[in-house]
Amino acid sequence: MRVGLIQMTSGEDADANLATTLAGLREAASGGATFVLTPEVTNILSSSRKIQEAAISHEEECGFLTTVQNEAKALGVWVLLGSLAVKTHDPDGRFANRSFLISPAGDITARYDKIHMFDVEIDAQESYRESAHYRPGTRAVVARTDFAQIGMTICYDVRFPHLHRALAHAGAKIITVPAAFSPVTGLAHWESLLRARAIETGCFVLAPAQTGQNAPGRSTHGHSLVISPWGEILADAGKKPGVTLADLDLDAVKQARGRVPSLTHDRDFEGP
C-alpha cells in the first residue's frame, strides 16, 4: 500500500491551514496514496489563547473536520487528521488535542485524545505547558481499517514506550505519531525515539510533522518520517512543506516480529 504524509506549517489562520490540507490530500491521492496523514494541530498552531478561542470549535460544529471528511469521501482515501484542537465541555474550558481517523466513505471511525501533555522547560528561552490549555486523554486507541489495525498516538506520546507496546499487543501493525516537535528536541530526539518505537513494537511508524515558523514564538522541526518495523527510515520529508509518499509492505511486520519476537517475551516482575 502507499501512504502520503502531509508536512505543513500550520499557523494562526485556520482557513489557510484548511486550504493547505485539502491541497495536500489531493496531491497525495493523485500520487496513489490510499492512506493520507496530516500533522498534530493541523487546524491551528498558536500560542495566543485569544486566537485559539476564536478559531476552535466543538467537534460537532467543526467545519474543518466536516470539510476533510467530505474530501476523504470524494477522493476515496483513508485520512488521519493527525490532530485538531477542539473545544470540550469541560468546566475548566480546556481544549482537546484530538486525532481523527476518517474512512473512504467520509465517516469518523476512531478518535484519540492525546494522553501525555508536553509540560517542559527545554531552556531559559523555550518552555511549554500544554496542560494549561489542553486536557489529557485517558484511553489508548487501536483502530480497525481494511488494510491493518492502527495504533493512534500524538507527538509527546512517543516518549512513553509502554503506550506503544500496549498498542502492538492489542493488534496494531501501524502506529501513527503526528507531531509538532520543537526544533531543539526534534534535532536531539525525534528520529531516535521513532525508530525505537518501531523496533520495540515491530510496527510501521508513520509520523507526519509540522515544520518551519508557525506563529510568533513558535516553530517546529519538520522531518516527517516513515519507519519500517525493523527500524529503517523509508522516507524523510526534510524541512520543506509538502507531500511525501512511501510504499509499505505489511508482510514486513510479521517478518520483523518473527526475527525478534520480543512481543511474546514479556514477563511479570517485582518492582525495584
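If you're wondering where the values come from, they're calculated on a predicted model, not measured in any experiment. (Residues numbered from 1 in each chain as written. Predicted model: local features only at pLDDT ≥ 70, side-chain atom pairs only at ≥ 80, totals over all residues. Heavy atoms only, no water.)

Q: Is there a simple way to explain the overall build of the protein in this structure?
A: Along the protein, the regular secondary structure elements total 6 helices and 16 strands. Each of the three principal axes of the protein carries a C-alpha extent, and together these read 50 × 50 × 35 Å. Across the 272 residues of the protein, 53% fall into the buried class. Of the contacts formed within the protein by residues at least 6 apart in sequence, a portion of 68% connects residues at least 24 apart. With an accessible surface of roughly 12000 Å², the protein has 51% of that area assigned to carbon and sulfur atoms. Averaged over its 26 positive side-chain charges, the protein has a centre that lies 3 Å from the centre of its 31 negative ones. (Helix = DSSP H or I, 4+ residues; strand = E, 2+ residues; numbered from the N terminus. Buried < 20%, exposed > 50% of the residue type's maximum accessible area, 1.4 Å probe, protein only. Contact = heavy atoms within 4.5 Å. Areas by Shrake-Rupley, 256 points an atom, 1.4 Å probe, with all protein chains shown as cover. Lys, Arg positive; Asp, Glu negative; His and termini not counted. Charge placed at Lys NZ, Arg CZ, Asp CG, Glu CD.)

Q: Quick question: what am I supposed to make of the sheet that holds strand 14 (residues 225-227) here?
A: Spatially, 8-9-10-11-14-15 is the arrangement adopted by the 6 strands of the open sheet, whose pairing is mixed. If you trace the sheet from one side to the other, it starts and ends with strand 8 (141-144) and strand 15 (233-236), each paired once. Sheet twist, expressed as the average angle between the axes of neighbouring strands with direction ignored, equals 20 degrees. Taken together, the 3 bridges between strand 11 (residues 204-207) and strand 14 define a ladder with antiparallel strand orientation. Each residue of the ladder has a partner; that of Leu-206, found in strand 14, is Val-226. (Pairing = 2+ DSSP bridges. Axes fitted to C-alpha atoms, helices over the stretch in contact; angles between N-to-C directions.)

Q: Is there a simple way to think about helix 6 (residues 251-259) in this case?
A: When helix 6 is considered as a whole, its buried residues turn out to be Ala-252, Val-253 and Ala-256. Taken down its axis, helix 6 places every buried residue within 105 degrees of arc, on the same side. Exposed side chains of helix 6 directed beyond 90 degrees from the buried face belong to Asp-251, Lys-254 and Gly-258. In this fold, the buried residues of helix 6 make contact with strand 11. (Arc of directions from axis to C-beta.)

Q: What is the right way to read the packing of aromatic side chains from this model?
A: Given two aromatic rings, their pairing is described by the distance between the two centres and the angle made by the two planes. Tallied over the entire structure, the rule returns 7 aromatic pairs. Ring plane angle 70 degrees and centroid distance 5.7 Å describe the contact between Phe-95 and Tyr-134, whose orientation is recorded as edge-to-face. Of the two residues, Phe-95 sits in the loop between strand 3 (78-86) and strand 4 (96-102) while Tyr-134 sits in the loop between strand 7 (127-129) and strand 8, which places them 39 residues apart along the sequence. Judged by relative accessible area, which is 1%, Phe-95 ranks as buried. Ring geometry for Tyr-156 against Phe-160: centres 5.4 Å apart, planes inclined by 80 degrees, an arrangement best described as edge-to-face. Overall, the relative accessible area of 16% leaves Tyr-156 in the buried class. Here the aromatic residues Phe-118, Tyr-128, Tyr-156 and Phe-160 are joined through ring pairs into a cluster of three or more. The lysine or arginine in question, Arg-49, covers the ring of Phe-95, its NZ or CZ lying 4.2 Å from the ring centre. Over the aromatic face of Trp-230 sits the side chain of Arg-259, whose NZ or CZ is 3.7 Å from the ring centroid. (Phe/Tyr/Trp six-rings, centres within 6.5 Å; stacked < 30°, edge-to-face > 60°. Lys NZ or Arg CZ within 6 Å of the ring centre and 35° of its normal.)

Q: Would you mind going over the packing of helix 4 (residues 161-169) against helix 5 (residues 183-201) with me for this structure?
A: In helix packing, the relevant descriptors are the interaxial angle and the interaxial distance, both defined with respect to the helix axes. Interaxial distance between helix 4 and helix 5 falls to 9 Å at its minimum, and their mutual angle equals 40 degrees. Classified by chirality, the crossing of helix 5 by helix 4 is right-handed. Contacts between helix 4 and helix 5 involve Pro-161, His-164, Arg-165 and Ala-168 on the former and, on the latter, Arg-197, Glu-200 and Thr-201. Of the residues belonging to the contact of helix 4 with helix 5, the class tally is 2 nonpolar, 2 polar and 3 charged. (Left-handed = near helix turned anticlockwise from the far one by under 90°. Nonpolar A, V, L, I, M, F, W, Y, C, P; charged D, E, K, R; others polar.)

Q: Just checking my understanding: could you explain the sheet that holds strand 16 (residues 242-247) for this structure?
A: For sheets, the rule is that strands pair by backbone hydrogen bonds, running either parallel or antiparallel. The strand order across the open sheet formed by 6 strands is 5-4-3-2-1-16, and the pairing between neighbours is mixed. The outermost strands of the open sheet, each flanked by one partner alone, are strand 5 (108-113) and strand 16. Neighbour-to-neighbour, the strand axes of this sheet turn through a mean angle of 20 degrees, independent of strand direction. Where strand 4 lies against strand 5, 5 bridges are found, and the strand directions are antiparallel. Bridging across to strand 5, Phe-100 finds its partner in Arg-111. Across the face of the sheet, helix 3 (residues 63-75) comes into contact with strand 3, strand 4 and strand 5 while running at roughly 175 degrees to strand 3.

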